[in-house]
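One letter stands for each residue in the lines below.
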Amino acid sequence: MIASSTGAPGAQPRAVAAGVLDAVFLRGRSLRVELARRLPTLDDPRDRALVETLCFAVLRQPARYEAALAQWMAKPPGRRDGELKMLLFVGFAQLDPLGLPAHAAVASTVEAARVLGRRHQAGLVNALLRRAQREGLPTLPPDTDWPDWLRERIRGDWPALAGSIFAESIAPAPLWLRVNRQQGSREAYRERLAAAGISALPDPTLADALRVEGTLAVTALPGFTAGAVSVQDASAQAVADALAPPAGGRVLDACAAPGGKTAHLLERDPSLRMTALDVDPKRLEAVEGTLKRLQLRGDIRLMAVDAASAKDDWWSGQPFDAVLLDAPCSATGIVRRQPDVRLHRRESDITALVKLQARLLDVLWQKLAPGGVLLYATCSILKAENAAQVEAFLARTPDARVDPLAERFGHASGPGRQRLPGEGGGDGFFYARLLKAA
Ligand SMILES: C[S@@+](CC[C@H](N)C(=O)[O-])C[C@H]1O[C@@H](n2cnc3c(N)ncnc32)[C@H](O)[C@@H]1O
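Residues numbered from 1 in each chain as written. Predicted model: local features only at pLDDT ≥ 70, side-chain atom pairs only at ≥ 80, totals over all residues. Heavy atoms only, no water.

Below, the discussion takes up the packing of helix 3 (residues 45-60) against helix 5 (residues 82-95). At a minimum axis distance of 9 Å, the contact between helix 3 and helix 5 shows a crossing angle of 95°. On the basis of the axis angle, helix 3 is roughly perpendicular to helix 5. Between helix 3 and helix 5, the residues in contact are Leu54, Ala57 and Val58 and Phe89, Val90, Ala93 and Gln94, respectively. (Axes fitted to C-alpha atoms, helices over the stretch in contact; angles between N-to-C directions. Helix = DSSP H or I, 4+ residues; strand = E, 2+ residues; numbered from the N terminus. Parallel < 35°, antiparallel > 145°, perpendicular 65-115°, else oblique. Contact = heavy atoms within 4.5 Å.)

Shown next as structure tokens:
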């Protein structure tokens with residue numbers, strides 16, 4: 001509970017970060033949802049950026065801070081003091097890994113205890129942060145914060161690469177931009193960025209991608225509101241290349257929200273006849289907003305539909321030339337962007353997701369024209385959702401065959417290709433391109 005907004009500069013965002021983390025850690029809330037709910041309470045964009053930075057820094061390696069409290073307190077804060085515990089984590093993260101100036105970081109965090117109505121605990125916060133400053137925080141191996149079952153699955157799936165997966169998953173991700181080619185070239189946009197003092201590098205394999213180091217509010221991007229550019233990870237941008245629908249073709253994007261890939265496909269070819277579905281009507285609204293901002297109009301139909309259902313009264317019966325199945329998945333490839341995945345994911349989720357993905361594949365295959373292409377993609381790194389999923393589909397689908405993807409799409413993994421987190425600067429992603437017999 002935020003009691004007051006007065007006090008040392010920077011106390012307010014630290015208090016908000018503690019509140020967000022309390023909801024994520026102790027009440028099982030999603031980081032994305034909590035940030036969307038609470039950031040608008042802060043007027044200054046720098047404060048909002050600080051809250052995000054603090055939350056991400058804590059969520060990347062919270063076990064280090066747990067270990068510090070266990071070492072330094074006879075009785076570490078329990079559930080009732082969740083907000084205090086999170087404020088201490090926020091304080092620790094400012095010292096390590098963020099390396100913010102210690103004096104200001106400690107003073108603002110102590111003041112944040114008062115903002116949270118915890119004046120009586122301000123002395124304790126001060127003492128523990130001073131101790132962290134003096135003694136340093138414990139370091140732990142990068143795989144510490146994964147639940148045991150998931151750590152073991154990743155080790156089993158990627159025995160030689162698991163170490164790098166764990167290390168990359170706690171590293172901050174670069175900012176990837178996708179330039180809207182309907183509004184100008186990538187080079188022209190790069191010059192606009194340079195004029196605004198932002199340096200960006202074009203990616204050699206992704207035609208629309210620019211890479212920016214560090215964080216930046218989207219509002220700082222020139223022309224963002226008018227649709228000149230979007231934020232989208234490199235591996236997600238590769239999906240448009242992997243699907244490569246025929247010019248002007250009928251395309252079905254079956255799991256479309258919030259619309260990043262629908263929009264990219266339309267930026268590349270506005271003559272596509274696009275049907276975009278999502279089971280979640282609220283999320284589908286985001287697709288509409290995205291297309292509007294990017295000024296993408298044309299033959300586009302958006303529908304709130306369960307694409308896995310046998311009931312398909314949304315469909316005219318005319319088959320699609322290309323289907324994108326960007327499937328709901330464990331999100332284990334994007335932990336660096338959604339670090340709370342490790343807190344919330346349960347082993348039983350994987351079983352349910354594998355079932356849903358299989359049903360989506362079977363139902364959507366029926367909507368594909370003979371000679372058409374279906375791209376199966378996930379942001380998972382688990383073989384059960386990826387290579388094994390597509391192998392099982394091929395075994396039960398006689399008119400499906402694999403169209404092998406080029407090496408730039410990642411490690412060969414069964415019938416598809418897998419990018420692991422951090423490779424090429426992108427997220428973990430799986431792609432399999434499937435052709436239907438003509
Ligand atoms: C990985 S996200 C898609 C991201 C999106 N393609 C993009 O690039 O912005 C998966 C989406 O699948 C949707 N979804 C889950 N089950 C579905 C179903 N049975 N039918 C349609 N959409 C579904 C979720 O609501 C979610 O928006």
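Lining the immediate environment of the ligand, one finds 19 residues, of which Lys261, Asp278, Arg283, Asp306 and Asp326 sit closest. Measuring from a nitrogen atom of the ligand, one finds a backbone N or O atom of Val279 at 3.2 Å. At a separation of 2.8 Å, an oxygen atom of the ligand approaches a polar side-chain atom of Arg283. Surface burial for the ligand is 86%, taken as the share of its 600 Å² of free accessible area covered by protein chains. (Near = heavy atom within 4 Å. Polar contact = N/O pair within 3.5 Å; in protein donor to acceptor, adjacent residues only side chain to side chain. Areas by Shrake-Rupley, 256 points an atom, 1.4 Å probe, with all protein chains shown as cover.)

For the rest of this paragraph, the subject is the side chain of Glu267. Following the sequence through the fold, Glu267 ends up in helix 12 (residues 260-268). Of the polar contacts made by the side chain of Glu267, one reaches the side chain of Arg178; its length is 2.8 Å.

Considering the arrangement of structural elements, one finds Arg181 in the loop between strand 1 (175-179) and helix 10 (186-195). The spacing of Arg181 and Arg401 is 220 residues in sequence and 32 Å in space, taken between C-alpha atoms. With residues up to four places along the chain from it excluded, the contact list for Arg181 reads Ala207, Asp208, Glu267 and Arg268.

Let's shift gears to helix 2 (residues 31-38). Among the residues of helix 2, Leu31, Glu34, Leu35 and Arg38 are the ones counted as buried. Buried residues in helix 2, looked at end-on, bunch into an arc of 100°, giving them a common side. Facing away from the buried side of helix 2 by over 90 degrees, the exposed positions are Arg32 and Ala36. Contact partners of the buried residues in helix 2: helix 1 (11-26) and helix 3. For helix 2, the capping residue at the N-terminal end is Ser30, with a side-chain oxygen 3.3 Å from the backbone nitrogen of Arg32. (Buried < 20%, exposed > 50% of the residue type's maximum accessible area, 1.4 Å probe, protein only. Arc of directions from axis to C-beta.)

In this numbering, the UniProt entry assigns the feature "domain: SAM-dependent MTase RsmB/NOP-type" (unreviewed entry) to residues 165-437. As annotated, residues 165-437 comprises 29% helix and 24% strand, and the C-alpha atoms at either end are separated by 37 Å. (UniProt positions renumbered as here; feature names shortened; annotations may be inferred.)

With that out of the way, let us pick up the pattern of salt bridges. Throughout the structure, instances matching the rule amount to 32 salt bridges. Taking the shortest distance from any N to any O, the salt bridge between Arg190 and Glu187 comes out at 3.7 Å. Of the two residues, Arg190 and Glu187 are both situated in helix 10; the distance of 3 residues between them amounts to about one turn of the helix. In this structure, Lys261 and Asp326 form a salt bridge, with 2.6 Å as the shortest nitrogen-oxygen distance. One end of the pair, Lys261, is in helix 12; the other, Asp326, is in strand 8 (residues 320-326), with 65 residues separating them in the sequence. The exposure class assigned to Lys261 is buried, which follows from its relative accessible area of 15%. Asp326 sits in the buried class, given a relative accessible area of 17%. Through salt bridges with shared partners, a single ionic network connects Asp143, Asp148, Arg151, Glu152 and Arg155. (Salt bridge = Lys/Arg side-chain N within 4 Å of Asp/Glu carboxyl O.)

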